[in-house]
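Take a look at the letters that make up each chain.
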Amino acid sequence: MEPEWPEVKPLIGATLIATERLGSVSVTPEESEMVEYLDALGLDSSYYVDRGIFHLGYLARMYVLLVHANFVRVGPGIHAGTDIQVIRPITFGESTTVRGRVDRIFRRKGQGFWAFELEWVDENDSTCLWATHTAVYDVKKKTIRAA
């Protein structure tokens, strides 16, 4: 059963502290979009097309769908890293649900970071991929010094 959809909230520290589970996003990834993504990176898609599976970088970008479905940005954000664990590849034409939960928030060098866990599940509610995504949600403002 899918978690109840939360209301869309501003992406700030107080909201992240109060948010445990994120609403889910159901998607059916498109082979053509993956090929376009890999072409833009200058990568050959034939390995993935021949096997009928999606490239992990293409799937990892789905964190953006989850963020946009749950939060409204109030400032810039910076991707800091994504660690992915593959349980099994996601195949062409397969419907997938991306779920998430806020794992932690922290500050480093004056910037606010958040880490959240993502899970890609198939129609049988079995996990295909699991990831931890870390990003800056509160970018430190630089001050300009007069000469």
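These numbers come from a predicted model, not from an experiment.

Asks: I tried to follow the overall build of the chain on my own but got confused; where do I start?
Replies: Along the chain, the regular secondary structure elements total 5 helices and 7 strands. Shown N-terminal to C-terminal, the secondary structure of the chain runs as helices and strands in the order β-α-β-α-α-α-α-β-β-β-β-β. Counting only residues that meet the buried cut, the chain has 39% of its 147 residues in that class. Sequence separation of 24 or more characterises 67% of the internal contacts of the chain that already satisfy a separation of 6 or more. Roughly 8,800 Å² of accessible area belongs to the chain as shown, and the carbon and sulfur atoms make up 52% of that amount. Across the chain, the mean location of the 16 positive side-chain charges is 16 Å away from that of the 20 negative side-chain charges.

Asks: Explain the confidence of the model for the chain to me, please; I cannot follow it from the model alone.
Replies: As a note on interpretation, predicted positions should not be read in detail where pLDDT is low. Summing up the model confidence of the chain, the mean pLDDT is 89 and the portion of residues at 70 or higher is 92%. Mean pLDDT per element in the chain: helix α1 (residues 13-18) is the minimum at 84, and helix α3 (residues 46-51) is the maximum at 97.

Asks: Looking at this model, I keep getting lost on unusual backbone geometry. Mind explaining?
Replies: One non-glycine residue with positive phi stands out, namely Lys109, at about 50°. With respect to the helices and strands, the residue Lys109 is situated in the loop between β5 (96-108) and β6 (111-121). The backbone phi angle of Asp125 is positive, close to 65°, even though this residue is not glycine. Summarising the element assignment, Asp125 is placed in the loop between β6 and β7 (127-138). Overall, Asp125 belongs to the partly exposed group, its relative accessible area being 41%.

Asks: Help me out: how do you make sense of a nonpolar patch on the surface in this one?
Replies: Together, Leu56, Ile84 and Val86 give the surface a local cluster of nonpolar side chains, amounting to about 200 Å² of exposed area. Along the polypeptide, Ile84 turns up in strand β4 (residues 78-86).

Asks: Help me understand the side chain of Thr96, please; the structure alone is not making it clear to me.
Replies: Position of Thr96 relative to the elements: it lies in strand β5. Beyond its immediate sequence surroundings of up to four residues, Thr96 is in contact with Val25, Ser26, Val27, Pro29, Ile90, Trp120 and Val121.

Asks: How should I be thinking about the nonpolar core in this particular structure?
Replies: A general feature of soluble globular proteins is that nonpolar side chains tend to end up buried together. Of all hydrophobic cores here, the largest spans 29 residues; its most connected members are Leu59, Trp114, Leu118 and Trp120. Mapped by element, the contributors of at least two residues to this core are β2 (21-27), α2 (31-40), α4 (56-60), α5 (63-70), β5, β6 and β7. Sequence-distant contacts of Leu59, defined by excluding residues within four places in its chain, comprise Pro29, Phe54, Ile90, Trp120 and Leu129.

Conventions we followed
- Each residue is numbered by its place in its chain's sequence as written, counting from 1.
- The model is predicted, so local features are restricted to residues of pLDDT at least 70 and side-chain atom pairs to those at 80 or more, both for listing and for counting; the totals for chains, interfaces and linings are taken over all residues.
- The side-chain values count all of the structure's non-hydrogen atoms but skip hydrogen atoms and water molecules.
- Secondary structure elements follow DSSP: runs of H or I of four or more residues count as helices, runs of E of two or more count as strands, with numbering from the N terminus.
- Between buried and exposed lies partly exposed: a residue is buried under 20% and exposed over 50% of the maximum accessible area for its type, with that area taken using a 1.4 Å probe on protein chains only.
- The contact rule is simple, with two residues in contact once any of their heavy atoms fall within 4.5 Å.
- Surface accessibility in these figures is a Shrake-Rupley result with a 1.4 Å probe; residues are shielded only by whichever protein chains are displayed.
- Think of it this way: Lys and Arg go in the positive column, Asp and Glu in the negative one, and His and the chain ends go nowhere.
- We put the charge of a Lys on NZ, of an Arg on CZ, of an Asp on CG and of a Glu on CD.
- How sure the predictor is of each residue is captured by pLDDT, a score from 0 to 100.
- Within this analysis, patches are made of residues with over 30% relative accessible area and no salt bridge. Like charges are joined at 9 Å or less; nonpolar side chains (Val, Leu, Ile, Met, Phe, Trp, Tyr) at 5 Å or less.
- Any carboxyl oxygen of Asp or Glu that lies within 4 Å of a side-chain nitrogen of Lys or Arg is treated as forming a salt bridge with it.
- Among the buried residues, those of types Ala, Val, Leu, Ile, Met, Phe, Trp, Tyr and Cys that are joined through side-chain atoms within 4.5 Å form a nonpolar core.

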